There are 2 protein chains.
Amino acid sequence: MHAFDRSVRPLRQRPSFVLSQLGFHSDRTFDELLVPVGVTRRQFGMLRVLADADGRTQQELSSVLRVHRNVMVGLVDELETAGLVERRRNPADRRAHAVHLTDRGRALLPMGEAALDACDDRLLGALSAADRETLCGLLARVADEAHLLPSVHPGYEHAGDELAAEDAGGGGQLPR
Amino acid sequence: MHAFDRSVRPLRQRPSFVLSQLGFHSDRTFDELLVPVGVTRRQFGMLRVLADADGRTQQELSSVLRVHRNVMVGLVDELETAGLVERRRNPADRRAHAVHLTDRGRALLPMGEAALDACDDRLLGALSAADRETLCGLLARVADEAHLLPSVHPGYEHAGDELAAEDAGGGGQLPR
DNA sequence: TATTGTTATACTCTATAACTATA
DNA sequence: TATAGTTATAGAGTATAACAATA
């Protein structure tokens with residue numbers, strides 16, 4: 001175990017540090033790739049959830065994305081202003097707003113996925129297909145072990161208040 | 001290439017996303033482990049640089065850590081208040097402040113390194129030594145390819161102004 | 001005139017609480 | 001009384017510019 005001797009190891013050999021660097025770099029890269037799409041990372045994450053769960057209330061969306069309901073208000077505001085979602089009244093409970101994707105919002109989804117593809121390619125472009133798959137597998141194992149929800153970004157997560165622990169499976173959110 | 005088919009791949013299979021998740025998680029974990037040490041991540045990064053470069057001016061430290069000199073003022077203030085560094089006047093150039101580690105500051109370094117060890121262990125605890133080394137190698141390659149400086153965290157980096165591009169090698173900074 | 005360090009201002013994000021309208 | 005959504009306020013963090021002392 002000579003490569004892992006303790007104490008003064010340079011930071012490039014510290015997985016914690018490199019993960020932190022790469023996480024930040026990944027965010028920045030994806031931000032950049034998302035500019036031509038016209039939404040932010042956070043907004044895209046929200047649209048991605050709605051793709052699988054159209055018509056949920058803001059409260060339910062808060063729960064899935066693990067953000068505070070106060071923040072959800074602003075997020076829906078932004079997307080509604082951009083014409084990507086719309087709020088509809090629920091006749092059964094007129095307090096609740098059902099959030100629906102518009103056609104424009106739905107049309108935007110594949111563009112965002114393409115940006116994600118491009119982001120993965122840009123980050124892992126130097127790796128062979130085999131190395132890439134090895135890396136993905138190891139990252140997924142580490143994320144599992146850390147109990148990170150498969151599609152919720154911890155950067156948006158909100159500790160306090162009312163958040164029903166639940167995982168949306170394939171749908172998800174983007175990040176920070 | 002069946003595991004990598006495009007379009008609706010869940011986020012857990014998106015390396016960009018998982019890297020972002022894990023980067024955030026790593027930050028949070030290290031923050032936690034650093035609490036008993038009594039410094040923030042950023043402060044520890046600074047102390048780590050000083051370990052290799054005691055007595056540099058604030059301007060030089062700004063350059064190494066790639067933060068703005070205005071921010072460096074506050075960082076040195078914090079550390080000086082905590083008694084971990086001290087500013088000394090340079091007789092040759094009385095504008096410049098040489099920043100020196102105090103004994104207390106130096107004594108704190110191994111505690112921070114131990115926290116880093118613990119952070120790595122907590123994050124990668126589930127992996128075998130071999131898998132761990134494989135992951136570290138792949139992460140380092142990706143970081144190299146992204147032109148991330150081996151010991152500078154991009155979250156602190158400052159775009160504008162005067163920053164002499166330089167790498168401190170073993171010394172470094174922590175982050176965000 | 002340029003440079004080192006400092007301070008002040010503004011802007012973004014987020015956290016908390018308080019408010020309204022329904023139930 | 002509790003809940004869905006909204007609004008307002010305060011606090012961190014950061015970016016920009018302007019400033020005093022020295023070169």
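Position labels on residues start from 1 in each chain and follow its written sequence. Chain letters and ligand numbers both follow the written order, the letters beginning at A and the numbers at 1. Thresholds applied to this predicted model are a pLDDT of at least 70 for local features of residues and 80 or more for the giving and counting of side-chain atom pairs; totals over whole chains, interfaces and linings are not thresholded and use all residues. Each side-chain value is derived from all of the structure's non-hydrogen atoms; neither hydrogens nor water enter the calculation.

Caption draft 1: Structural detail: the protein's contact with DNA strand C. Nearness of a residue to a molecule or strand requires only that one of the residue's heavy atoms be within 4 Å of it. In the neighbourhood of DNA strand C, 17 residues make up the surrounding shell, with Asn 70 of chain A together with Gln 59, Arg 69, Arg 87 and His 97 of chain B lying closest. In the interface set of DNA strand C, defined as its atoms within 4 Å of the protein, sugar plus phosphate atoms amount to 58%. At 3.0 Å, a side-chain N or O of Gln 58 of chain B approaches a phosphate oxygen of DNA strand C. Pairing of N or O atoms within 3.5 Å defines a polar contact, subject to two protein rules: one partner must be a possible hydrogen donor and the other a possible acceptor, and residues neighboring in sequence count only if both atoms are side-chain atoms. At 3.0 Å from a base oxygen of DNA strand C is found a side-chain nitrogen or oxygen belonging to Asn 70 of chain B. Only DSSP runs of H or I covering at least 4 residues are called helices, and only runs of E covering at least 2 are called strands; the numbering of each starts at the N terminus. Contributions of two or more residues to the surface near DNA strand C are made by helix H3 (58-65) and helix H4 (69-81) of chain B.

Caption draft 2: Local environment of the interface of chain B and chain A. Only heavy atoms matter for contacts: two residues are in contact if any of them lie within 4.5 Å across the pair. Contacts between the two partners involve 64 residues from chain B, matched on the other side by 64 residues from chain A. Just to be clear on terms, a salt bridge is a Lys or Arg side-chain nitrogen sitting within 4 Å of an Asp or Glu carboxyl oxygen. Run the count over chain B and chain A and you get 10 salt bridges. Arg 12 of chain B is the salt-bridge partner of Asp 144 of chain A, the closest N and O atoms lying 2.5 Å from each other. Inspection of the region where chain B meets chain A yields 26 residue pairs in polar contact (both at pLDDT 80 or more). Elements that contribute at least two residues to the side of chain B that touches chain A include exactly helix H1 (15-34), helix H5 (103-124) and helix H6 (129-145) of chain B. Classes in brief: Ala, Val, Leu, Ile, Met, Phe, Trp, Tyr, Cys and Pro nonpolar; Asp, Glu, Lys and Arg charged; the others, Gly included, polar. Residue composition of the side of chain B that touches chain A, grouped by class: 31 nonpolar, 14 polar and 19 charged.

Caption draft 3: Main features of the confidence of the model for chain A. Residue and element names in this part refer to chain A. Mean pLDDT over chain A: 87, with 85% of residues reaching 70 or higher. By mean pLDDT, helix H3 (residues 58-65) is the weakest element of chain A at 93, and helix H6 (residues 129-145) is the strongest at 98. Confidence over residues 1-6 falls short of pLDDT 50; this stretch has 10 contacts with residues more than four positions distant or in other chains. For every residue, the predictor assigns a confidence score, pLDDT, that lies between 0 and 100. Throughout residues 160-176 the model reports pLDDT below 50, and contacts reaching past four residues in sequence, or to other chains, amount to 67 contacts.

Caption draft 4: Summary view of the pattern of salt bridges. Scanning the entire structure with this criterion turns up 28 salt bridges over all chains. Here Arg 41 of chain A and Asp 31 of chain A are joined by a salt bridge, their closest N and O atoms 2.5 Å apart. Of the two residues, Arg 41 of chain A sits in helix H2 (residues 41-52) while Asp 31 of chain A sits in helix H1 (residues 15-34), which places them 10 residues apart along the sequence. Only protein chains enter the accessibility calculation, which uses a 1.4 Å probe; a residue whose area is less than 20% of its type maximum is buried, one above 50% is exposed, and one in between is partly exposed. Judged by relative accessible area, which is 8%, Arg 41 of chain A ranks as buried. Since its relative accessible area comes to 32%, Asp 31 of chain A is described here as partly exposed. Residue Asp 121 of chain B is joined to Arg 132 of chain B by a salt bridge in which the shortest nitrogen-to-oxygen separation is 2.8 Å.

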